[in-house]
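Per-entry structural report
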Amino acid sequence: MEIVTDRLSKAAEIAAFTGAGMSAESGVTTFRSNDGLWAKFKPEELASMSAFIKNPRLVRGWYEERRKIVAAAKPNAGHYALAEMERDFRLQTVITQNIDNLHRRAGSEAVCELHGNIEQNYCMDCGMRYDGSNFAVIDETQRCTQPGCTELVRPDVVWFGELLPEDEWNSAVKAAERADVVLSIGTSGVVFPAASIPQIARKQGAYVVEINPEATCLSQTADAFLQGHSGEILPRLLEGLRHQRQQSSIR
Ligand code: BV8
Ligand code: ZN
C-alpha cells in the first residue's frame, strides 16, 4: 500500500478506471460475480439491440429493475475517496464502465461514461430524450410521444455489438495515455474495448494498480495488486496521501 501511495503522491496525472465492483458496496450487483446480474441472464439475451427489438418489454423490465436499484443506491466510501482525490490531489479523470451515475453523485466531475447512463433514454427515430421525470410519460408500449413519431424509446447505454460513444472513448484514451498512475478498480477486464484502457496506459509507461478482492485477467499486467474491496482500500490510499502531504509540509 505504501509503495502505491508513494507513486500516487509523486504522480503528475492519475486516472481511475472503474467497473461494476466499484458499486458493489453500494448494493448495485456486479455482472460476473456469482450474484451478478448476468448470472440470471446471458448478456446477449438482454443488453443488445436484437434482444430489445425481439422483446422490448423484457429488456425494458430489466432496465426498470436496475434503475430502481440504482435510484435507491448511494455512493460508497470508494466513490467519495475518488471524488476527494480529484479535488485535493491529482486524479484527473474517472473512466467508468458503470452506468449508475454514482461517481457524479459522489462529486466526481471529470467522468468518462464509456457505456452510457441508465438514467437517460432516447427515441430510436427522432432522438427525443426521455430522462428522469419525463421518462414516466412513456406508457407501457414505451413508444415516443412526439407528434407523428411512434418509435421505441431505448436506454442510453452501450449494448453489446454497439460502438462506444466516440467523445467518451477518445477522452478516456487521452487520459490513459497521459496518466503516470492508473487505478483499475472493480473490473474483471472482460469487456472490450473498455478493458484495454489499463494496457493503453501501461504502454505509455503508466504504473497500473489493480484493486479487486480477486485476481483477474488484468492482474498479470498490473504493477501492483491491492487485494480487497474498493470501499475500504480507496479511503486508505486517500488517508496515506493526506499523511504524506502533512509530513512533507512539516519538513
Ligand atoms: C464494441 C452497458 C465495436 C449495458 C455494457 C474486442 C474488441 C472490441 C469488442 C470486442 C472484443 N471482444 C469481444 C468484443 C465484443 C464485446 C465484448 O467485449 N464482449 C465480451 C463479453 C467478451 N464488446 C462490445 O460489444 C462493445 N462494443 O466492441 O463495439 C464494434 C461494434 C460493431 C461491430 C464491431 C465492433 C460494447 C460493450 C459494452 C457492453 N455494455 N454495459 C448495461 O450495463 O446494461 S458492459 C457491462 O460489462 C457493464 O458496463 C460492466 O461494467 C462491464 C464490464 O464488467 P465489469 O465492470 O468488469 O463487471 P464484472 O461483474 O465483470 O466484474 C466486477 C469485478 O469487481 C469482479 O472482478 C469482482 O471481483 C470485483 N469486485 C466485486 N466486489 C468488489 C470488486 N472490486 C472492488 N471492490 C469490491 N467491493
Ligand atoms: Zn421519436
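Residues numbered from 1 in each chain as written. Chains lettered and ligands numbered in written order. Predicted model: local features only at pLDDT ≥ 70, side-chain atom pairs only at ≥ 80, totals over all residues. Heavy atoms only, no water.

What follows concerns the pattern of salt bridges. Within the structure shown, the criterion is met by 13 salt bridges. Of the charged contacts, one joins Glu-113 and Arg-104 as a salt bridge, the two residues approaching to 3.3 Å between their closest N and O atoms. Here Glu-232 makes a salt bridge to Arg-236, at a shortest N to O gap of 2.8 Å. Here the residue Glu-232 and the residue Arg-236 both occupy positions in helix α10 (residues 230-250), the gap between them amounting to four residues, near one helical turn. (Salt bridge = Lys/Arg side-chain N within 4 Å of Asp/Glu carboxyl O. Helix = DSSP H or I, 4+ residues; strand = E, 2+ residues; numbered from the N terminus.)

Attention shifts here to the pairing of strand β5 (residues 153-157). The element β5 is extensively covered by neighbouring structure, given that four of its five residues are classed as buried. Bridge count between strand β4 (residues 116-123) and β5: four bridges; the pairing is antiparallel. Counterpart to Asn-121 in the pairing with β5 is Pro-155. (Buried < 20%, exposed > 50% of the residue type's maximum accessible area, 1.4 Å probe, protein only. Pairing = 2+ DSSP bridges.)

This next bit is on the nonpolar core. One finds Leu-82, Met-85, Leu-183, Val-209, Ile-211, Leu-234 and Leu-237 to be the most contacted residues of the largest nonpolar core, which totals 26 residues. For this core, the secondary-structure elements that each account for two or more residues are α1 (2-10), β1 (14-18), α6 (77-88), β2 (91-96), β6 (181-185), β7 (207-212), β8 (224-227) and α10. Counting residues in hydrophobic clusters, the runner-up holds 21 residues, among them Ala-15, Leu-114, Val-158 and Ala-222. (Core = buried A, V, L, I, M, F, W, Y, C linked by side-chain atoms within 4.5 Å.)

This part covers the domain arrangement of the protein. It is common to report an interface's size as the accessible area lost on association of the parts. Once the domains are mapped, the protein shows domain 1 (1-28 + 74-115 + 164-251) and domain 2 (31-72 + 117-157). Summarising the inter-unit geometry, the C-alpha centres of domain 1 and domain 2 are found 28 Å apart. Between domain 1 and domain 2, the residue contacts involve 13 residues of the former and twelve residues of the latter. Counting the surface lost from both domain 1 and domain 2, the interface buries some 1000 Å², and carbon and sulfur atoms represent 52% of this. Our enumeration of links across domain 1 and domain 2 arrives at zero salt bridges. (Domains from an automatic or database assignment. Contact = heavy atoms within 4.5 Å. Buried area = accessible area lost by both parts, 1.4 Å probe.)

A word on the layout of surface pockets. Unoccupied space between atoms shows up once a probe the size of one water molecule is rolled over them. The calculated volume of the second largest pocket comes to roughly 160 Å³. Residue lining of the second largest pocket: 13 residues in total, with Glu-113, Gly-116, Asn-117, Asp-156 and Pro-165 positioned closest to the centre. Contributing elements (two or more residues each) for the lining of the second largest pocket: β4 and β5. Considered class by class, the residues forming the lining of the second largest pocket number four nonpolar, three polar and six charged. Shared between two domains, the lining of the second largest pocket holds at least three residues of each, these being domain 1 (1-28 + 74-115 + 164-251) and domain 2 (31-72 + 117-157). (1 Å grid on protein atoms, 1.4 Å probe; cavity = no way out; pocket = protein on both sides within 12 Å on 5 of 7 lines; lining within 4 Å. Points joined across faces, edges and corners; volume = space filled by probe spheres on them. Nonpolar A, V, L, I, M, F, W, Y, C, P; charged D, E, K, R; others polar.)

Backbone torsion omega between Phe-192 and Pro-193 reads -5 degrees, so that peptide bond is classified as cis. Even without being a glycine, Asn-101 presents a positive backbone phi close to 65 degrees. In this structure, Asn-101 sits in the loop between β2 and α7 (102-105).

Quick look at the environment of Gln-247 now. Inspection of the secondary structure assignment puts Gln-247 in helix α10. Take Gln-247: its relative accessible area is 31%, and that puts it in the partly exposed class. For Gln-247 and Leu-183, which are 64 residues apart along the polypeptide, the C-alpha to C-alpha distance reads 24 Å.

A separate point is the packing of α1 against α10. Between α1 and α10, the shortest axis-to-axis distance is 9 Å and the interhelical angle comes to 60 degrees. Between α1 and α10, the angle is such that the two are oblique. By crossing handedness, the relation of α1 to α10 is classed as right-handed. Contacts between α1 and α10 involve Val-4, Thr-5, Asp-6, Leu-8 and Ser-9 from the first element and Leu-237, Gly-240, Leu-241 and Gln-244 from the second. Among the residues forming the contact of α1 with α10, the class breakdown is four nonpolar, four polar and one charged. (Axes fitted to C-alpha atoms, helices over the stretch in contact; angles between N-to-C directions. Parallel < 35°, antiparallel > 145°, perpendicular 65-115°, else oblique. Left-handed = near helix turned anticlockwise from the far one by under 90°.)

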